[in-house]
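# Residue-level structural notes
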Amino acid sequence: GQPFSRGSGWVDHARDGAGSRTSRRVRHSSTFARVPHPEKRMQASMVHALGHVAPAASPRAGSKAVTGKARALATPTLSVRARASANARRVSVKAAAPAAIGSSFARNAALNAVVAKQTELRSHASRTVVKCDASADSASASSGNPLESFFAKNPQVETVCYFALWYWLNIQFNIINKQIYNYFPFPWFVSAVHLAVGLLIMTFFWTTRLVKYEKPDKEFLKAVTLPSFLHAFGHCLTNVSFAAVAVSLTHTIKTLEPVFSAAGSFLVNGTVYAFPVYLALLPIIGGVALASATELSFSWLGFSTAMASNVAFSARAIFSKKLMSRMSPLNLYNFVTIVSLLFCIPFVVAFEGSTLAAGIQKAIEIKGQKEFTIALLKVGAFYHLYNQVAYQALGKVEPVTHAVGNVGKRIFVIGFTILAFGNKISAQTAIGSGIAVVGAGLYGWLKAKYADQTKTLKRD
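Summary of the structure given here. (Residues numbered from 1 in each chain as written. Predicted model: local features only at pLDDT ≥ 70, side-chain atom pairs only at ≥ 80, totals over all residues. Heavy atoms only, no water.)

Take the overall build of the protein chain next. Each helix and strand counted, the protein chain has 19 helices and six strands in total. Relative to its full complement of 460 residues, the protein chain shows a buried share of 38%. Sequence separation of 24 or more characterises 83% of the internal contacts of the protein chain that already satisfy a separation of 6 or more. As displayed, the protein chain has an accessible area near 26100 Å², and 65% of this comes from carbon and sulfur atoms. (Helix = DSSP H or I, 4+ residues; strand = E, 2+ residues; numbered from the N terminus. Buried < 20%, exposed > 50% of the residue type's maximum accessible area, 1.4 Å probe, protein only. Contact = heavy atoms within 4.5 Å. Areas by Shrake-Rupley, 256 points an atom, 1.4 Å probe, with all protein chains shown as cover.)

Where helix 9 (residues 225-244) meets helix 14 (residues 300-320), the axes come as close as 8 Å, and the angle between the chain directions of the two elements is 155 degrees. One way to sum up the angle between helix 9 and helix 14 is to call them roughly antiparallel. Remark: the crossing between helix 9 and helix 14 carries left-handed chirality. Along its contact with helix 9, which presents Leu-226, Pro-227, Leu-230, His-231, Phe-233, Gly-234, His-235, Leu-237, Thr-238, Val-240, Ser-241 and Ala-244, the element helix 14 presents Leu-301, Gly-302, Thr-305, Ala-306, Ala-308, Ser-309, Ala-312, Phe-313, Ala-315, Arg-316, Phe-319 and Ser-320. (Axes fitted to C-alpha atoms, helices over the stretch in contact; angles between N-to-C directions. Parallel < 35°, antiparallel > 145°, perpendicular 65-115°, else oblique. Left-handed = near helix turned anticlockwise from the far one by under 90°.)

A full pass over the atoms with the stated rule returns one salt bridge. Salt-bridge contacts for Asp-217 lead to Arg-326; the nearest nitrogen and oxygen are separated by 3.4 Å. Note that Asp-217 is positioned in the loop between helix 7 (187-207) and helix 8 (218-223) and Arg-326 in the loop between helix 14 and helix 15 (329-352), a separation of 109 residues in sequence. You can call Arg-326 partly exposed: its relative accessible area is 38%. (Salt bridge = Lys/Arg side-chain N within 4 Å of Asp/Glu carboxyl O.)

With twelve residues, helix 16 (residues 356-367) should reach 16 Å at 1.5 Å per residue; the first-to-last C-alpha distance of 16 Å fits that figure. Within helix 16, the full set of buried residues consists of Leu-356, Gly-359 and Ala-363. Buried residues of helix 16, viewed axially, fall in a sector of 60 degrees; they line one side. Every exposed residue of helix 16 that faces more than 90 degrees away from the buried side is listed here: Ala-357, Ala-358, Lys-362 and Glu-365. One or two residues past the end of helix 16 sits Gly-368, with phi positive at roughly 95 degrees. (Expected span 1.5 Å × (residues − 1). Arc of directions from axis to C-beta.)

With that settled, the discussion passes to the environment of Ile-338. Mapped onto the elements, Ile-338 comes out in helix 15. Accessibility expressed as a relative area gives 25% for Ile-338, which makes it partly exposed. For the pair Ile-338 and Ala-196, spaced 142 residues apart in sequence, the C-alpha to C-alpha distance is 8.0 Å. If we skip the residues at most four places from it in the chain, Ile-338 touches Leu-199, Met-202 and Trp-206.

A few words now on the packing of aromatic side chains. Applying the stated rule across the entire model yields 29 aromatic pairs. Aromatic pair Tyr-213 and Phe-335: ring centres 6.1 Å apart, planes at 55 degrees, arrangement tilted. Here the residue Tyr-213 occupies a position in the loop between helix 7 and helix 8, and Phe-335 occupies one in helix 15, the gap between them amounting to 122 residues. Centre to centre, the rings of Phe-347 and Phe-351 are 6.5 Å apart; their planes meet at 45 degrees, and the pair counts as tilted. Of this pair, Phe-347 and Phe-351 both sit in helix 15, four residues apart, roughly one helical turn. One aromatic cluster is present, formed by Trp-188, Phe-229, Phe-233, Phe-343, Phe-347 and Phe-351 through successive ring pairs. (Phe/Tyr/Trp six-rings, centres within 6.5 Å; stacked < 30°, edge-to-face > 60°.)

This brings us to the nonpolar core. Ranked by size, the top nonpolar core spans 58 residues in total, and within it Trp-166, Ile-180, Phe-184 and Phe-189 carry the most contacts. Mapped onto this core, the elements with two or more residues apiece are helix 6 (155-183), helix 7, helix 9, helix 15, helix 16 and helix 17 (369-396). Not counting residues within four places of it along the chain, the set of residues in contact with Phe-184 comprises Phe-189, Val-190, Leu-356, Gly-359, Ile-360, Ala-363 and Phe-372. By size, the runner-up hydrophobic cluster in this structure holds 23 residues, among which are Leu-249, Ile-253, Ala-280 and Ala-440. (Core = buried A, V, L, I, M, F, W, Y, C linked by side-chain atoms within 4.5 Å.)

This part takes up the environment of Leu-210. Its location among the elements puts Leu-210 in the loop between helix 7 and helix 8. Looking at Leu-210, the relative accessible area reads 57%, which means it is exposed. Sequence-distant contacts of Leu-210, defined by excluding residues within four places in its chain, comprise Phe-204 and Phe-205.

The interhelical angle for the contact between helix 10 (residues 247-254) and helix 13 (residues 281-293), taken along N-to-C directions, is 155 degrees, at an axis separation of 9 Å. Compared by their axis directions, helix 10 and helix 13 come out roughly antiparallel. With respect to the hand of their crossing, helix 10 and helix 13 are arranged in left-handed fashion. Between helix 10 and helix 13, the contacting residues are Leu-249, Thr-252 and Ile-253 on the first element and Val-288, Ala-291 and Ser-292 on the second. When the residues that make up the contact of helix 10 with helix 13 are grouped by side-chain class, the tally is four nonpolar, two polar and no charged. (Nonpolar A, V, L, I, M, F, W, Y, C, P; charged D, E, K, R; others polar.)

Take it as geometry only, folks, not as evidence of what the structure does.
Following this line, the structure appears as structure tokens:
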């Protein structure tokens, strides 16, 4: 008839001297348990009340129980209401016991259900946040240009459009460029025109804020001088080769650029690639040799200038890497174009200055001033835009995909220029060109695949 209060099965919660909550260990059957949570305390109380666990009475618990009985005897005026309340509490505990307690497995299942519910709530909150973010992004995209909104929803379509535009601009440049050289063989001057028209285009982009302008500092201008000179020199030499031989042969020779890039990276930076990467250079060298041996338009001027441009562009790429972290690639290319134009002007004066005026007059007589001027503006615009689109395409895909795309570009350019100008090539030249182009693609793929095995030797 003792009210269910303190006993051996009760977990005593108290606060220590520092104010922190503590709990005492009590004996449940043959084990000790710590029940810090009020819900577990209620469960333990229910178990003891129903007799599921036989609590071992401790001296302290027994003394307190005796004290409680003595206190009850000492107060014979205990109200009936208090006894009824105690009995009601015992009855409610016994009634709730079958649903709230049971074996340890049941208690664990109840706790697991609580944890699962909390996890579900957190997951729902996370999904809500993601959904809100997606809605915000969609609203932001839809509020802008409809074309940007479409590309945001279809990134693969955007990548395909960049590559298609890149190919088309490059083919147009090569065809118009070669047509100009057929009646105006002044490649140094035409190279300067390419860069000058590019200056006009980038000025338009900057003023209209289509491209964000980045102001260069003095250190950047000093560092960009050497890459700009190499860009100017390589660009002019490439155009000399375009004027001297067939465009298809020049592009075939240009596939040798990775050979000079690998050699230059080792000599300048001590970069050593994996062995399979170097093996991929062999089909490039063999293919170029095979194609050049039977090319009908072959000349040593066109071959040597194309080879020299490979050296210049490889060195430009090596010395430009340090500038990539200081400015976006698009703005870096724009500033390289500006400085390169300054370097091109002395070349024009030195190599073509004495005959340039007569050559321009003759071209006007053949094509007319308007058509000649439009042709120069068009070829300069195609040159600058295809380079800008190439940078944009590189930002949309992985480097290996861009390398494969560059191989595809050369295949398209070689094929379309042969069709446009009706160049006759031998079977050996076609096979050699194909081997060289495929070798260049294999080199780019292997270089990306074995990038983790690339090492840099320490220089003393």
